[in-house]
Amino acid sequence: MSRKWSRGRWAAAGALSLVAVAACTPGGGDGDGGEGGGEMVWALGGSEAQPGRVHQQVAELWSEQNPDNPIRIEILPDEADQQREQQALELQAEGSNFDVLGVDVIWTGEYSTNGWVESLEDVRAEIEEVSIPGAVESATWGGELWVAPYNSNAGFLYYRTDLIDEPPTTWDELCEMAIEAGQQEDIGGFIGQGSRYEGFVVNWLEYYWSDGGELYNEDQSEVVFDTDTATQVTEWLADAKESGCLAPGFNTATEEEARNLFQSGDAVFMRNWPYAYSLIQDDQQSPVRENFGIAPLPTFSGEGTISALGGFNNAVSAFSDNKEAAKEFVVWAATNEEVQALLATEASVPPTLESVYEDLSDDPVMALLGEVLPEAKPRPPAPQWNNISVEMQRNLFPAYNGEGDPADASQAVQEALEGAVEE
Amino acid sequence: MSQPGTPPTQTAAAQRESREGPPKKKGSDQGVVEQRSAAQIWGKSALLLVILLWCLFPFFWLIMTSLKRGDRALNSPDLFQGPFGLQNYEAVFQQDFLLNLRNSLAVAGMTTILCVVIGSFAAYALARLPLKRKILLLSGVLAVSLFPPVALVPPLYELWRTLGLLNTWEGLYIPYTSFTLPLTIFILTTFFASIPKDLEEAARVDGASPFKAFYRVIFPLAAPGVFAAAIIIFVAAWNEFLLASTFAPRNAEVAQTVPVAIAAFTGAVEFQRPIGTITAACVVVTIPMIIVALLFQKRIVSGLTAGSVKG
Amino acid sequence: MAATTTDTGREPGVSGGADRSGGPRRREMSETTLGKVFVAPAILLMALVALFPILYAMVLSLQAYTGRQNQGWAGLDNYVEALTNDRFWTALQFTIVFTVTSVAAEFLIGLGFALLMNQAFRGRGVTRASILVPWVIPTVIAAQMWFFMFNVTPGFINNVFGLGDFSWLGQSGWASFAVIFADVWKTAPFVALLLLAGLQTIPGDVYEGARVDGAGMFQRFWYITLPLLKPAILVALLFRTVEALRVYDLPQVMTGGAFNTESLSILVQQYVVRTPDPGLGSALSTITFIFILGVGMVFVRFLGKELVIGEEGR
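Residues numbered from 1 in each chain as written. Chains lettered and ligands numbered in written order. Predicted model: local features only at pLDDT ≥ 70, side-chain atom pairs only at ≥ 80, totals over all residues. Heavy atoms only, no water.

## A few points about the overall build of chain C
Tallying secondary structure elements over chain C gives 12 helices and 2 strands in all. Across the 314 residues that make up chain C, the buried fraction comes to 57%. Of the contacts formed within chain C by residues at least 6 apart in sequence, a portion of 68% connects residues at least 24 apart. (Helix = DSSP H or I, 4+ residues; strand = E, 2+ residues; numbered from the N terminus. Buried < 20%, exposed > 50% of the residue type's maximum accessible area, 1.4 Å probe, protein only. Contact = heavy atoms within 4.5 Å.)

Below, the structure written as structure tokens:
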């Protein structure tokens, strides 16, 4: 009996290994090598890079017009961190598999310092003329243009039109309204992105900038961080948590949690990116569907508005076999009217070409973007931005949750910013 | 008549009592006295129900979420809020998921086979054959699996790239085997060592080489341990993410495995977390594994005792 | 009846010592060689694939880096930097607390499960398979799921137990509890599986004998089951402890490491991937490795004694 059993087992094992080996061989290898001549590869992730979506349409548009140098998308994972990891693996090995890279606005400094991308200084004038200033700022480091703007993003204030008549223009006003309406309806007040991650830094910077604070000077050579303002802002946030202005769950919320809370009617105000707008409108079951509006974010002084700039730029890989064509592509993607308009109309992806906003002012989201984007500030795309961001998260987050001292936290952030400049 | 496994019902109640505190009644255990009071039956059933709920409820949540559609339904705390539909499953299979399943099956399968085979030999040697410095060897074996894998990835990636092992099945199951061997060896050594020596002696006396003794006598008796190890290896290899996402990040048609594919799912728009498709994929993936577990669990518990020698 | 090698030629050149007329000395020598040969493939595979990157990482830890750029030799600077960093000690503290608590809980629950799975009752197959379900679900997805359960929005647990807006994940202490709870849920089955297999190795007649001698049920459990289960318990504890010391996915997905739930692996991950500093990252990895190895060695000592004694004693 055991003899039969072990023989059968060996046979199975043998068969399986044969299958495994045989099936492996043809498919094995380094994935798709950068084929010489012709086809370029655009390493990009996210929902709009999927088949049939807008970035694919852009790629097809280019390929039609440039049959000698078509381009195709190599789809990276959804999360920005993972996209960066996969690009880094390829670039550190100096591989030629990617020609064009979809680069987050905060990676410019890192990629350029590592020697991963080609300088675009010679086409700077062309791009700068027509693009949103904030986007161009996010594409420069050390005075040089390293990547080409592609799409953008800015923060909105979403509010309940059935509870609030006029959107607030100051943060203090917002808190008053949030507490009052919240108590009246027994829902949360203000929800943003307060979990301990990059999104929190974005939110905090919006408060800090709107109070007049700055991080670096014009050419990013000096730290002009104002610890007093920073402390004030953090204390305000901590008070807002205590007083009930911040909705429960603020400190564990990312974009999706915030959207879900607001969409199910459990918050008076929400700070989020434009993507939430269509999702709320299209959700038949949302009690908020017809009762919400969008407005620019408030400031502390009541003057103007400021939001953080998000989005993606395109870069030319320093190890590409086809740099000329790649360069043409990224410039085309940044400056071509048709392409930029396509981003907006097909997918509500905010373009970086300023003129598009004038044409689309019927759409409430585009109209508000047109208003807000010129004032949007990018986070400094310093090579050490990740380090700085992590330091900010680690110090400011406990501070507003009552587990750290706001003044000490500001000091730590100052030191982190200065440490980065020195290198 | 060495009968591994404990006799039923009576001991069940006893062991439940032993876990819950001193026995409530000092019954004598002579013979087969069936003391099943109503309280005992209710107690046991209640305990069983709690355990099943504890284990299965989150899985039930996964299934319910995967069957929902519409944005709010997916994210509402009410489990039974509709609308319902199979869209998420459709979406999952539109994304070459079958290929991912194939890849994962091949990689995890090969890992299990290799680990069990190579590990059995090593474990037998450690358990039975005279080897010097066994404890040192065991420590060395253990050490291999302890280094934080995330730090091992960059050098391995470069090596694999040079050897052309990226995006291949062997590029995955070779390191998987390597990193899972320690656990396998420990488990199997433990089980081989627990088999009474005289069984082997008997086989040797009958003229079998240590080798044959191993196959015909030891291996079958160690079956519970072997099957337990096999399940553990398979599940570990199946769910492994770090190496798979580095060595075979894309291209389902070649080697992309299931966890990596799931992590690459996107929502309908940016930032949106595709919880519907993720849970659907998870259900698709878990059900076959449960079936495998159902099949294997019998093997673990039914000790193979035919032909064994009196202890 | 002469022995023949039956399979895949894994032992080239070994005659299998099957010569019946061979004297004791010859048998011993070939047994030792056989032992070495049996162990060789495993050692070889592990050395080739695992040893190389470990040594590489250790060498890397002695170099200085700014970001990703190599700045030359650093000696032990990276180690000093790692050990004088508050974050390291906080992470170590959480990791230890997490490990001790969750392994203890997993052991108790796993033992209970194993004893239950060992019984014969109606629906035992389904019960056994159900008990394995938590462990079979991929960790990242389980982590996501528990986040959904514990987080204030959508607030599943709060809803079911009527807890209103209680923020599990948003405060120290409860955040750790949630992470530990999720881990126990997920991996108690692993312990159960090992202990179940271990229970099979206990011959039933031992119980019979004890019962005849008048031993009570609890006594049988305490004096027979537990001691005989010791090797399996040690293996389960060893691997669970070592895994728990390296926990990454659960705290990362559920809390991002906030509110003192940052584990050693999260810290290592940050310095290797997110804010890469290969020198510091490798140093942290090595320190983590040494610490975990130390803990593991304690178990191996005990286990080794069991196996060696077990072998000779029976």
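## Considering the overall build of chain B
Scanning chain B from N- to C-terminus turns up 14 helices and 0 strands. Along chain B, helices (α) and strands (β) appear in the sequence α-α-α-α-α-α-α-α-α-α-α-α-α-α when read from the amino end. Here chain B holds 311 residues, and the buried ones make up 61% of them. Considering only intrachain contacts with a sequence separation of at least 6, the fraction spanning at least 24 residues in chain B is 70%. Accessible area of chain B: about 11,900 Å², with a carbon and sulfur share of 66%. (Areas by Shrake-Rupley, 256 points an atom, 1.4 Å probe, with all protein chains shown as cover.)

## So, the pairing of strand β7 (residues 156-160) of chain A
All names here are of chain A. With 5 of 5 residues buried, β7 is to be regarded as a mostly interior element. On β7, burial covers both faces: F156, Y158 and R160 on one face and L157 and Y159 on the other are all buried. Of the pairings in the sheet, the one linking β7 to strand β9 (residues 267-272) comprises 4 bridges and is antiparallel in character. Pairing of F156 across the sheet is with N272, part of β9. (Pairing = 2+ DSSP bridges.)

## Quick look at the confidence of the model for chain B
Residue and element names in this part refer to chain B. Chain-level statistics for chain B give a pLDDT mean of 79 and a share of 83% at 70 or above. Within chain B, helix α1 (residues 10-20) has the poorest average pLDDT of any element, 45, and helix α12 (residues 242-247) the best, 92. Per-residue pLDDT stays below 50 along residues 1-34; that stretch engages in 61 contacts with residues further than four places along the chain or on separate chains. Across residues 303-311, confidence stays below pLDDT 50; counting only partners more than four residues off in sequence or on other chains, it has 11 contacts. (pLDDT = per-residue confidence, 0-100.)

## A short note on the interface of chain C and chain B
Taken together, the contact between chain C and chain B spans 112 residues of the former and 109 residues of the latter. With both chains or domains summed, chain C and chain B bury close to 10,500 Å², and 76% of this area falls on carbon and sulfur atoms. Between chain C and chain B we count 0 salt bridges in total. Inspection of the chain C/chain B interface yields 4 residue pairs in polar contact (both at pLDDT 80 or more). A class-by-class count of the residues in the side of chain C that touches chain B yields 74 nonpolar, 25 polar and 13 charged. (Buried area = accessible area lost by both parts, 1.4 Å probe. Salt bridge = Lys/Arg side-chain N within 4 Å of Asp/Glu carboxyl O. Polar contact = N/O pair within 3.5 Å; in protein donor to acceptor, adjacent residues only side chain to side chain. Nonpolar A, V, L, I, M, F, W, Y, C, P; charged D, E, K, R; others polar.)

## Observations regarding the confidence of the model for chain C
Residues and elements named next belong to chain C. The pLDDT averaged across chain C works out to 83; a share of 88% of its residues lies at or above 70. Throughout residues 1-23 the model reports pLDDT below 50, and contacts reaching past four residues in sequence, or to other chains, amount to 28 contacts. In the predicted structure, residues 310-314 sits below a pLDDT of 50 and forms 9 contacts with residues beyond four places in sequence or in another chain. Across the predicted assembly, pTM comes out at 0.86 and ipTM at 0.85.

## Section: the pairing of β9(A)
Residue and element names in this part refer to chain A. Across the 6 residues of β9, 6 count as buried, placing the element largely inside the fold. Strand direction decides the pairing type here: strand β8 (residues 188-191) and β9, joined by 3 bridges, are parallel. From the neighbouring strand, F190 faces β9, where its bridge partner is F269.

## What about helix α8 (residues 198-209) of chain A?
Over its 12 residues, α8(A) runs 16 Å from end to end, which matches the ideal 16 Å to within 8%, given 1.5 Å per residue. For α8(A), the elements touching its buried residues are α7 (171-185), β8, α9 (227-243), β9 and α16 (385-400) of chain A. (Expected span 1.5 Å × (residues − 1).)

## Quick notes on the state of the cysteines
Applying the stated criterion across every chain, the model contains 1 disulfide over all chains. One disulfide bridge connects A:C175 with A:C245, the sulfur atoms lying 2.1 Å from each other. The sign of the -80° torsion about the S-S bond sets the A:C175-A:C245 disulfide as left-handed. One end of the pair, A:C175, is in helix α7; the other, A:C245, is in the loop between α9 and α10 (255-263), with 70 residues separating them in the sequence. Here B:C282 stays unpaired: no disulfide links it, and the sulfur of B:C55, its closest cysteine neighbor, is 15 Å away. (Disulfide = S-S within 2.5 Å.)

## Section: the sheet that holds strand β10 (residues 292-295) of chain A
Residue and element names in this part refer to chain A. A sheet is described by the order of its strands in space; here 4 strands give the open sequence β8-β9-β7-β10, paired in mixed fashion. Each edge of the open sheet carries a strand with a single partner, namely β8 and β10. Strand-to-strand, the axes of this sheet are offset by a mean angle of 15°, without reference to chain direction. Sitting on the sheet, α10 touches β7, β8, β9 and β10, and the angle it makes with β9 is about 150°. (Axes fitted to C-alpha atoms, helices over the stretch in contact; angles between N-to-C directions.)

## Some thoughts on the packing of aromatic side chains
Under the counting rule described, the total for this entry stands at 58 aromatic pairs over all chains. Look at B:Y124 and C:F38: their rings are 5.9 Å apart centre to centre, the planes differ by 50°, and that puts the pair in the tilted class. Of the two residues, B:Y124 is situated in helix α5 (residues 97-127) and C:F38 in helix α1 (residues 24-60); the pairing between them involves two chains. The exposure classification of B:Y124 matches that of C:F38, with both residues buried. Taking the centre distance of 5.0 Å and the plane angle of 50° together, the rings of B:F147 and C:F289 count as tilted. (Phe/Tyr/Trp six-rings, centres within 6.5 Å; stacked < 30°, edge-to-face > 60°.)

## Some points on unusual backbone geometry
With an omega of 0°, the peptide bond between C:T153 and C:P154 qualifies as cis. Structurally, the position occupied by C:P154 is in the loop between α5 (139-150) and α6 (156-160). Here the phi dihedral of B:N251 falls at roughly 60°; this positive angle occurs in a residue that is not glycine. Residues other than glycine seldom take positive phi values, yet C:N260 does so here, at roughly 60°. You can see C:N260 is positioned in the loop between α10 (249-254) and α11 (264-274). By relative accessible area, C:N260 is classed as partly exposed at 44%.

## Notes on the nonpolar core
If you look at the biggest cluster of nonpolar residues, it comprises 183 residues, and the most contacted ones within it are B:F97, B:F186 and C:M254. The element that contributes the greatest number of residues to this core is α5(B), accounting for 17 residues. Among residues more than four places away in sequence, those in contact with B:F186 are B:L138, B:V141, B:L142, C:V235, C:L238, C:F239, C:V300 and C:L303. If you look at the next biggest cluster of nonpolar residues, it comprises 141 residues, including A:L91, A:W141, A:L157 and A:W236. (Core = buried A, V, L, I, M, F, W, Y, C linked by side-chain atoms within 4.5 Å.)

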